[in-house]
Amino acid sequence: QVQLVESGGGLVQAGGSLRLSCAASVRTFNAVGWFRQGPGKEREFVSGLAYGGSTSFYADSVKGRFTISRDSAKNTVYLQMNSLRPEDTARYYCATTRFVRLGILRNRDEYDYWGQGTQVTVSS
């Protein structure tokens, strides 16, 4: 069982930045994904790291603005979010897999463990 804890959310003005953290209870090189769920919306993929951590991928809506990274020594994955927009307002979740899964994982059903999320609110 892997426990994930997100942090770093908050209220920020449009154009501002936040860095989200996802701390895992164990050291793992499995794929990690960030998802978000806005009010009345389905949970959608934002960004992810493939197994091993060397390949990152992004949703088109955040490409060029968000950057995902991993600090293996701290068992933590980060999501640096710049040039934030009101439409980025959502609860952000990180997730990882139980077993090694190769490739680019964009589907929430491909992930097994989830954190509780951290709220990001962007004011206009």
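I will try to describe carefully the structure that is included in this document. Everything numeric in this text was worked out from a predicted model, so none of it was measured. Chains are numbered independently. Their residues run from 1 in the order of the written sequence. Thresholds applied to this predicted model are a pLDDT of at least 70 for local features of residues and 80 or more for the giving and counting of side-chain atom pairs; totals over whole chains, interfaces and linings are not thresholded and use all residues. With hydrogens and water stripped out, all remaining heavy atoms of the structure feed into the side-chain values.

**Here's the deal with the pairing of strand β3 (residues 18-24)**
Next, step 1: With five of seven residues buried, β3 lies mostly within the body of the structure.
Next, step 2: One bridge is not enough; two strands pair if DSSP finds at least two bridges between them. A helix here means a DSSP run of H or I that spans at least four residues, while a strand means a run of E at least two residues long, and both kinds are numbered starting from the N terminus. Here four bridges tie strand β1 (residues 4-7) to β3, and the two strands are oriented antiparallel to one another. From the neighbouring strand, Val5 faces β3, where its bridge partner is Ala23.
Next, step 3: Here β3 pairs with strand β8 (residues 76-81) via six bridges, running antiparallel. Across the sheet, Leu20 pairs through a bridge with Leu79, a residue of β8. Exposure categories follow from relative accessible area, calculated using a 1.4 Å probe and restricted to protein chains: below 20% of the type maximum is buried, above 50% is exposed, and the middle band is partly exposed.

**Focus on the pattern of salt bridges**
Next, step 1: We count a salt bridge whenever a side-chain nitrogen from Lys or Arg sits within 4 Å of a carboxyl oxygen from Asp or Glu. For the coordinates displayed, the defined rule picks out five salt bridges.
Next, step 2: Asp60 is the partner of Lys63 in a salt bridge, and the nearest nitrogen-oxygen pair spans 3.1 Å.
Next, step 3: By relative accessible area, Asp60 is classed as exposed at 66%.
Next, step 4: Arg101 is the partner of Asp112 in a salt bridge, and the nearest nitrogen-oxygen pair spans 3.9 Å. Here Arg101 lies in the loop between β9 (90-96) and β10 (113-114) and Asp112 lies in the loop between β9 and β10, a separation of eleven residues in the sequence.
Next, step 5: Taking the relative accessible area as the measure of exposure, Arg101 reaches 30% and is therefore partly exposed.
Next, step 6: Within this structure, Arg36, Glu44, Arg65 and Asp88 form a network of salt bridges that share partners.

Purely spatial values, then, with no claim about function.
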